[in-house]
Every structure is written in C-alpha cells, then in structure tokens.
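# Topology and contacts: notes
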Amino acid sequence: GVVGWFEGQPRQWASLVEDALGQLADLVGAEESEVMIMSSLTINLHLMMIPFYQPTAQRNKILVEAGMFPSDLLAVESQITLHGLNPAECLVRVEPRSGESNLRTEDILQVIEEQGEEIALIMFSGVQFYTGQLFDMAAITAAGHAKGCMVGFDLAHAIGNVELQLHEWGVDWAAWCSYKYLNAGPGAVAGVFVHKKHEERKLRRLAGWWGVDLRRRMEMNNEDIPLMSGAKGYAVSCSPILSTMPLVAAIEMMHSVGMPALVEKQRLLTGYLEQLILETFDSTEVQILTPSSPKERGCQLSISFTMDLSGVFGEISRHGVVCDVRRSHVIRVAPAPIYNSYRDVLKFVRVLRKVIKAENCNSY
C-alpha cells in the first residue's frame, strides 16, 4: 500500500488531489491556488471560521440565515462559545417575512446595513438546504465587505448545481461537501475556497503536514516546515484515497461537460418539473416553497403538501424514485442534469400522483 503514494500508476496518491484542483477551480469560478480538496464539510467550516471569525468587543456577531442546516448551526455556535461569547447575543438570524418561505435579498442587505459594524462574519448557504433558495452571493458579499465583515458560504447544495464565480465576487472563503451534486458518493472528501487576497495575510489557523509543500513534506525537518500558500496550506491531514478517487472522477466528468451546459439543462429540467407539478396537483393541496425564478434556485424543488407524506415516501421509493421527505409534509426533488432526463421527471410526477391518489382513497 505505501508504494502507491509515489509509485502508483496511472496516478500517484501523493499528488492525486493537486492534479484535480485546476478542474475543481473551474467549477466554482476560482483560481487554482484558491481551492483545496480536504476533510469533511463541518470540519472545514471550523477550519475556515478559526481564521475568519476573529471577534472583538465591538465586532463579534455572526450573521446567518434562519433555518440553516443544523450541523452548520452547531459549528457556528461552538465557534462563538470558544471565544467566550454567548450565541444568544452574537448570533444574528435573518428570518423570512411573515407568510413567506424564502428570504428577500433586500431584507438580508438591510440587516447588514443596520448591524454590519457589529458583525464579524457573514456565513450563509449558497443554496438553502430546505427551501432550495439560491442566495445572491455577489450582493451579500459586496454588502458585507462595505461594512468591514468577512463573508463565507456553505456551498453544499450549490457546487455542481449552480454557476459560481467565487473569485470575481470577492468571497473570502467557502466550504462544501462532494456527495450531493458532485456525485462523488457517501463520505467523499470535501473542499474549501480561500480568496487569493488573503495569501499574504498571517491569519490564525490550524495546521498539519498535508499543508506543507509536497516536495518538502517527507523531509521530516522540524526546523523548517513551510506551509503552502493559498488554500492548499489549510489542509491538515492526508486525504483518504478510497474516498478521494470517486471525487476526482466526478470532477473530471463534470468539467468535461462544463457548468454552463449543466446549468442550462438544470433550468430546463427543473422548469419542466415545476410545470408538471402545477398542472397535476391542485393549489389547495400543494405549494412549491422554492422560488419560481430560475435565477433564484438550482435543481431542487421543495414541494409542500397539506397531507402527511410518511407513507407516500416509502411507496414512491418502491417505484424507483429517489428523493426525500422533510418534516413529514415536504418532498425535496432535485433532477440532476448530469444524469437525470425529462423522462425521469415525468415518471416522478406520474408516480407521485398515483401514490397520493391511493393514499387519499385509503384515508377514507
């Protein structure tokens, strides 16, 4: 096994990650030096918040979206606590307006304008995991920087799903997992983005030997252990090869197609799904929580029903449909353009209609 690190064919394990960074950078709109494949999502959130959340007496708040993913919330709260602060006082959550499911960009920007001088870090999702809303990352970043805030994003539901231009937008940092739209499989290695503008800053951060230049890594010289510049220097431990290989293959596949083509098909597939849902189900029993504008969503539609879907989910699964149910009445459906077809979308809606009709009949 050890031979594979430097003598493996066709790829050496030691350079496996670095060889894929150029293509990964294209998927997120970054320079190659700004991205790294490493660790898992929540670990990477911590690794990013250590340098980019440095609270002071005057600026100690973190701004997030209400209803953020629970693991993200735990990470944020624990970072606040590590600094001896109280999450109840330092965590600011932007709520949707009464009767609405999604956040309005103007409301997010208003909170930044009003409280920005007290906010140390803005940490939002790129795409909200529950509603599927795509946030205006460029506008949020610009507003945050105008107030002196650091801005980072959890791109778990955005990478491989929507167009990203992290470098151009000036995003300070981002983190993501790879087992959703990157299709790299369960437990696949995650990734980070750190903007090039931070390369020369001496930020407080955690370090490990996988952040050392590959040419120097095996010298075992404790007198001189130079970390690499850019995002690669944030890596701590070696990548698990068995869960890195599927990610490298997935990145190559998606890069060969290109994000513009994937986004174009994504919008057509999701638009077709939306049309079928609205034509098939009565508005009194179904509500689509996800924004209707293609510019404010990716693949995902979150569909809320007035009935409990616990039994429905199991039945549609038996028909070969893969989706999930949240809070017992919301189905999240995401036709992924890399492998789903219009026929798949049509089959899903037909199966869903058939199962719900049977469920309604059985309830009487």
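Scroll up for the structure.
Residues numbered from 1 in each chain as written. Predicted model: local features only at pLDDT ≥ 70, side-chain atom pairs only at ≥ 80, totals over all residues. Heavy atoms only, no water.

## Quick word on the overall build of the chain
Using the following cut-off: Starting at the N terminus, helices and strands are each numbered in turn, a helix being any DSSP run of H or I of at least four residues and a strand any DSSP run of E of at least two. Within these notes, the globule rule equals 2.2 Å times the number of residues to the 0.38 power, and the radius of gyration is based on C-alpha atoms. Remark: exposure states derive from per-residue accessible area (1.4 Å probe, protein chains only) relative to the maximum for the residue type, with buried under 20%, exposed over 50%, and partly exposed in between. In what follows, a contact means two residues having at least one pair of non-hydrogen atoms within 4.5 Å. Exposure was quantified through the Shrake-Rupley algorithm and a 1.4 Å probe, taking into account, for residues, occlusion by the shown protein chains and nothing else. By the counting scheme adopted, Arg and Lys are positive, Glu and Asp are negative, and His together with the chain ends is not counted. Where a charge sits is defined by one atom per residue type, namely NZ (Lys), CZ (Arg), CG (Asp) or CD (Glu).
Broken down by element type, the chain carries 13 helices and 11 strands. At 22 Å, the chain has a C-alpha radius of gyration in line with the 21 Å of a compact globule built from 364 residues. Each principal axis of the C-alpha atoms in the chain carries an extent, and together these give about 75 × 55 × 30 Å. By residue count, 51% of the 364 residues in the chain fall in the buried class. In the chain, the proportion of contacts linking residues at least 24 apart, taken out of those at least 6 apart, comes to 69%. As displayed, the chain offers around 17000 Å² of accessible surface, 52% of which is attributable to carbon and sulfur atoms. When the 32 basic and 42 acidic side-chain charges of the chain are each reduced to a single mean position, those positions are 4 Å apart.

## Topic: unusual backbone geometry
Residues apart from glycine generally show negative phi values, whereas peptide bonds are mostly found in trans. Although it is not a glycine, Arg-327 adopts a positive phi angle of roughly 55 degrees. Assessed through its relative accessible area of 56%, Arg-327 is described here as exposed. The backbone of Ser-328 sits at a positive phi, close to 70 degrees, despite the residue not being glycine. Counting through the fold element by element, Ser-328 comes out in the loop between strand 10 (324-326) and strand 11 (330-333).

## Points about the sheet that holds strand 10
The following threshold applies: Here a strand pair is declared whenever DSSP counts at least two bridges between the two strands. Only the contacting stretch of a helix is used when fitting its axis, a line to C-alpha atoms as for every element, and angles between N-to-C directions run 0 to 180 degrees.
As summarised here, the arrangement of the four strands in space is 8-9-11-10, forming an open sheet in which the pairing is antiparallel. Looking at strand neighbours, the two that pair on one side only are strand 8 (286-288) and strand 10, the edges of this open sheet. In this sheet, neighbouring strand axes are inclined to one another by 30 degrees on average, regardless of whether the strands run parallel or antiparallel. Relative to strand 11, strand 10 is paired through three bridges, and the arrangement is antiparallel. Note on strand 11: the bridge partner recorded for Asp-324 is Arg-332.

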